[in-house]
Amino acid sequence: MAVPADVAQRVDFLRAEINKHNQSYYQLDAPQIPDSEYDELMQALQQLESQHPSLINAQSPTQRVGSAPLDSFKQVKHVVPMLSLGNAFGAAEFEDFDKRVRERGGFSKAMEYMVEPKLDGLAISLLYQHGDLVIAATRGDGKTGEDVSENVKTIGAIPMRLTGDGYPDKFEVRGEVFMPLKGFQTLNIRAKKKGEKAFVNPRNAAAGSLRQLDSKITATRPLAFYSYGIGLVEGGAIPSTQKTLFEAFKRWGLPVCDQLVTVKGIEACDRAYQVLLEKRERLPYEIDGVVYKVNDFEQQRELGFVSRAPRWAIARKFPAQEKTTKLVSIDVQVGRTGAITPVARLEPVFVGGVTVTNVTLHNEDEMRKKDVRIGDTVVVRRAGDVIPEIVSVVSDKRPAGAQLFKMPNHCPVCDTKLERTEGEAVLRCGAGLYCQAQTKAAIKHFASRRALDIEGLGDKLVEQLVDKGWVKSPANLFELKQEQLAGLDRMADKSAKNIIDALEKVRLTTLPRFLYALGIREVGEVTANSLASHFGNLQAVMDASTEELERVADVGPIVAQHVVTFFSDRHNAEVIERLLRFGIRWENVAVRVLEDAPLLNQVFVITGSLLEMNRDQAKEVLQAMGAKVTSSISKKTDFLLAGEEAGSKLKKAQDLGVPILSESDFMKLIKSNHV
Ligand code: IVH
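Keep in mind the model is a prediction, meaning the values are calculated, not measured.

Cut-offs and rules
- Residues numbered from 1 in each chain as written.
- Predicted model: local features only at pLDDT ≥ 70, side-chain atom pairs only at ≥ 80, totals over all residues.
- Heavy atoms only, no water.
- Buried < 20%, exposed > 50% of the residue type's maximum accessible area, 1.4 Å probe, protein only.
- Helix = DSSP H or I, 4+ residues; strand = E, 2+ residues; numbered from the N terminus.
- Pairing = 2+ DSSP bridges.
- Patch = residues over 30% accessible without salt bridge, like charges linked within 9 Å, V, L, I, M, F, W, Y side chains within 5 Å.
- Areas by Shrake-Rupley, 256 points an atom, 1.4 Å probe, with all protein chains shown as cover.
- Salt bridge = Lys/Arg side-chain N within 4 Å of Asp/Glu carboxyl O.
- Lys, Arg positive; Asp, Glu negative; His and termini not counted.
- Charge placed at Lys NZ, Arg CZ, Asp CG, Glu CD.
- Axes fitted to C-alpha atoms, helices over the stretch in contact; angles between N-to-C directions.
- Parallel < 35°, antiparallel > 145°, perpendicular 65-115°, else oblique.
- Contact = heavy atoms within 4.5 Å.
- Nonpolar A, V, L, I, M, F, W, Y, C, P; charged D, E, K, R; others polar.
- Arc of directions from axis to C-beta.

Digging into the pairing of strand E23 (residues 603-607)
Look at any regular strand and the pattern is simple: side chains alternate between the two faces of the sheet.
Part 1 of the argument: Among the 5 residues in E23, 5 count as buried, and that is most of the element.
Part 2 of the argument: Pairing between E23 and strand E25 (residues 639-642): 4 bridges, direction parallel. Residue pairing in the sheet places Ile 606 in a bridge with Leu 641 of E25.

Put into structure tokens, the structure is as follows:
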């Protein structure tokens, strides 16, 4: 049926009106009509579209409410990689960066920088073709991301169609999806009312919302977006500076942050940082530092990239946030290895982007050293993803008679008498898997993402399974029946089946994962990896003596002893045997992927400060070439990578005759291996 011309016109008009109001609302933060009128426009458009479906197109504002759920996200290759940023801690490190920029680029004058807030959300790439949004992808590992177009279409701040003109035929806009604080708070109030778990911080909420397979859910989440860069460009040109790019973004209807400044020279850079630091608390969104970018794109091109970060930009993170609150009580927790940890219960305090209510006090000695008492006012600090800590006690606020906490003599869970090993600060319950607290922690660890990664087996479920006496060791998990699970609290048949399926799936794992999952004391992922690649199979690890274990990179006498103790325990050996009988298996050779790596099994230590990348990046590069990176120099070390101002490690390497690589040797090595 042909669509009458006046209907088509009315539809165009409504769409233009709605887009205009979206822009006033999201970009200019200046709504021109009340929400109710906006809703009426939307309803009118929806009605016309449902009467004349041929008029519906992907760019219509009605398409922003989400569509049918997906089974999985498609992968998207980033033709122009999505980079990350190096970090400068403090003004001095930023000065070093500026010096490198000027020296490398041969720029004699003070550099012009764009100073932007470092938004705490997730990077996203938006592909626009002839002005229409066609694909939105997450950063992923920088080379390949996930196609989250359906979700991104529900974010009102992101234009489905660009305005103005002069944009390239095909280009990618890069920016940050984030959740403004107000929206985050409302979302959490909503979650609490429904008895759902609250999000820990706006960043997690944004990430969780964007990675929903059901875009109808994303549509209900208050996400926002700021553009800050460009990826692929075809059929057209973009402006020549970051500043004019931002101006163009605005003309094209793309939201940009309202706190951008261009400055010249390092003093002005520092001032801009101080200004934002001071404003931080009052901004309606979370930021965790500033990003400095060389403003001129020609200069950016001359500077180029190192590994995964540009040489022309750097992030300067804000210092950890601190707040004071009251310590209400102290009690103890039993950890996976039986360690008894005193935990402070606090009056909730919002610090570093999360609400903190519990803080570990580590052990009795720590507690005494800080002189923490019940009823004290304490200073709490939290930086980035680091766990919160009590920095100090505000002594003049101590109430009269504030009590010290006395550590118990018996395990609060299984009542076993606690022991303290000579020379160790930690008090322990030695009951192992006979203590329910340790069983719960062991199973949670076994199932966790970096261990066996058993999907759906969350903490609450593990607790129920152990409380019921169904699960006493990881092996019991594989004996669970679907009917049994379906009978548990808040467990639907479908979820029970999913867990059984997940348990089936994880039987094929890798040796490093399995070793890590066993929860041997002090055997983290890195050590598990080293053990697997050194010995090649489980039996060899189990049979190894302490001397043999100490030959492995980053295994010292203490770890070696823990490994031997673990495998000589009869109960542990039995659990392993049963796990194998239940079909847990892995490909035999753990190191296969690295077989032809250029630095296979070479042991590196990194010291001093590197100019081209930070140490973590250098470590990644070395590992990608098959090397092992350890932290201390010994006879086992094959090379020391020494940056500037290397100290005692350099001396030790010289003493031991360990070959030393300078940073430029290292860069040559990378280049010759095309990493
Ligand atoms: S530019 C080539 N600008 O920080 C430069 N990133 O650590 C790449 N971020 O993945 C990014 N605010 O998620 C840039 N104003 C800003 C930013 C910003 C936040 C995030 C982004 C990126 C990460 C890098």
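From this point, the discussion proceeds with the structure in view.
Focus: a negative patch on the surface
Part 1 of the argument: Together, Glu 93, Glu 95, Asp 96, Glu 267, Glu 644 and Glu 645 line one region of the surface with negative charge.
Part 2 of the argument: If you tally residues by element for the negative patch, the top one is helix H3 (residues 90-105), at 3 residues.
Part 3 of the argument: Relative to the helices and strands, Glu 267 resides in helix H9 (residues 265-279).
Part 4 of the argument: The class of Glu 267 is exposed, set by a relative accessible area of 56%.

Observations regarding the packing of helix H21 (residues 557-568) against helix H22 (residues 570-581)
Part 1 of the argument: The interhelical angle for the contact between H21 and H22, taken along N-to-C directions, is 75°, at an axis separation of 5 Å. Classified by the angle their axes make, H21 and H22 are roughly perpendicular. When H21 is examined against H22, the residues Phe 566, Phe 567 and Ser 568 are found in contact with a partner set consisting of Arg 570, Asn 572, Ala 573 and Ile 576.
Part 2 of the argument: Classifying every residue of the contact of H21 with H22 by side-chain character gives 4 nonpolar, 2 polar and 1 charged.

Notes on unusual backbone geometry
Part 1 of the argument: If you check the backbone angles, Asp 453 has positive phi at about 60° while not being a glycine.
Part 2 of the argument: Within the element layout of this structure, Asp 453 appears in the loop between helix H12 (436-447) and helix H13 (459-467).
Part 3 of the argument: A positive phi angle is found at Glu 522, which is not glycine, with a value near 65°.

Focus: the environment of Gly 353
Part 1 of the argument: Tracing the sequence through the fold places Gly 353 in the loop between strand E15 (339-351) and strand E16 (354-360).
Part 2 of the argument: Gly 353 sits 150 residues away from Arg 203 along the chain, and the two C-alpha atoms are 8.6 Å apart.
Part 3 of the argument: In this view, Gly 353 contacts Val 200, Asn 201, Pro 202, Glu 286 and Gln 321; residues no more than four positions away in its chain are not counted.

A word on H13
Part 1 of the argument: Regarding H13, the residues found buried are Leu 461, Val 462, Leu 465 and Val 466. Angular distribution of buried residues about the axis of H13 spans 130°; they occupy a single face of the element.
Part 2 of the argument: For H13, the elements touching its buried residues are H12, helix H14 (474-477), helix H15 (482-486) and helix H16 (493-505).
Part 3 of the argument: Once H13 finishes, Gly 469 follows within two positions and takes phi at roughly 80°, a positive value.

In short, shape yes, function no, at least from these values alone.
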